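Residue-level structural notes
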Amino acid sequence: MPVLALFIHGARRFRMAKTSYRGIRFGYRGDKVALIKLMFWSIVPFYYPNFKNKFRVYVYGNTRFGNVEAEFTGDEKIYAGIYWRSLILCFVTLGIYYPWYKARLFNYFWKNLSFNKDGNYIRIESKATAAKFFNLKIGNLLILALTLGMGQPIAKVRSLHFLTNNLEMYGNIDLDTVIQTEEQYNSTIGDAADIDDSADFFDMDIF
C-alpha cells in the first residue's frame, strides 16, 4: 500500500503539472503521508466502496486548475449502495448487468465532480449509457485479443474518446480571470511508474 500510494502521488503530481488549458497548468497538492494512511482503508473488509469514495474526495479535493479548486461531493453511502447492489445483480445475471453498473458508476462519479472559483462553479454532465459501455469494452477486448495485446494504445485512445464524447462541462466561471498558481513538477517517478492500471482501478481515468 505505501508503494502504490507513492506511485499514485508521484504520477498525479506529474500528470497534473503537464496538463494545461488556455496556458494555465493543473496541479496536485496532496500529501504523500496522508495518501498512504488513506490507502490502508482499502484493505478493510466490506469497506472498499466507501474507501473509493474517500479516495476521490481526497485526490480531487487537492487538485487545482490555476486558482480554481476541484471538489468531489459524492456520498460514500450512496456509492456503497450502487456497488453492493450492482455486485449482486452482476452475480445473479452472470455478468450481464456489468455495463449498467459501469454506466451508473461513471455517471455518479462525474456528476459529483465540480470546479469552484469564488463561489462560481463549472459542473460536469455525463451522457454515458450501458450500451455505450458495452460497445467500448467489447471493442477494446477484441482489439487486444486480435493483436495479442499490441493494440493497447488503440484501446487507450478509444477509451479517451469515450470520455470526451460523453462528458459536457457547463457553469459560470470566467476563464479569463483564472491565473497561474501551480508550480512546475518534473520528477519522472510518476511518469515511469506503470500507473495506468491503478488509475483505472480507482476510476481516475481523465484527471
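One structure accompanies this document, and this report is about it. (Residues numbered from 1 in each chain as written. Predicted model: local features only at pLDDT ≥ 70, side-chain atom pairs only at ≥ 80, totals over all residues. Heavy atoms only, no water.)

1. Re the environment of Ala17
- Examined against the element boundaries, Ala17 turns out to sit in helix α1 (residues 2–17).
- Take Ala17: its relative accessible area is 6%, and that puts it in the buried class.
- Put simply, Ala17 and Glu183 are 166 residues apart on the chain and 7.3 Å apart in space, counted from C-alpha to C-alpha.
- The contact partners of Ala17, leaving out residues within four places of it in the chain, are Arg25, Phe26, Glu183, Gln184 and Tyr185. (Helix = DSSP H or I, 4+ residues; strand = E, 2+ residues; numbered from the N terminus. Buried < 20%, exposed > 50% of the residue type's maximum accessible area, 1.4 Å probe, protein only. Contact = heavy atoms within 4.5 Å.)

2. Points about the side chain of Ser114
- Along the chain, Ser114 turns up in strand β5 (residues 113–117).
- Classification of Ser114 by relative accessible area gives buried; the value is 4%.
- For Ser114, the residues in contact, after removing those within four places along its chain, are Glu69, Ala70, Glu71, Tyr121, Ile122 and Arg123.

3. Notes on the pairing of strand β4 (residues 68–72)
- The side-chain alternation of β4 yields one buried face, formed by Val68, Ala70 and Phe72, and one unburied face, formed by Glu69 and Glu71.
- Two elements, strand β3 (residues 63–65) and β4, share 2 bridges in a ladder whose sense is antiparallel. Considered in β4, the bridge of Phe65 is made with Val68.
- If you look at the hairpin formed by β3 and β4, you'll find 2 residues sitting between the two strands, and Gly66 has a positive phi there, around 60 degrees. (Pairing = 2+ DSSP bridges.)

4. Considering helix α6 (residues 130–146)
- Here α6 spans 24 Å end to end across 17 residues, near enough to the 24 Å set by a 1.5 Å rise per residue.
- Taken residue by residue, α6 has Ala130, Phe133, Leu136, Gly139, Asn140 and Ile143 as its buried positions.
- Contact partners of the buried residues in α6: α5 (98–111) and α7 (152–166). (Expected span 1.5 Å × (residues − 1).)

5. Details of the packing of aromatic side chains
- A full pass over the atoms with the stated rule returns 21 aromatic pairs.
- For the ring pair Phe26 and Phe65, a centre distance of 4.9 Å and an interplane angle of 35 degrees mean the geometry is tilted. With Phe26 in strand β2 (residues 24–28) and Phe65 in strand β3, this pair connects stretches of sequence that are 39 residues apart.
- Judged by relative accessible area, which is 8%, Phe26 ranks as buried.
- The ring of Phe109 carries the charged tip of Arg56 above its face, separated from the ring centre by 4.0 Å. (Phe/Tyr/Trp six-rings, centres within 6.5 Å; stacked < 30°, edge-to-face > 60°. Lys NZ or Arg CZ within 6 Å of the ring centre and 35° of its normal.)

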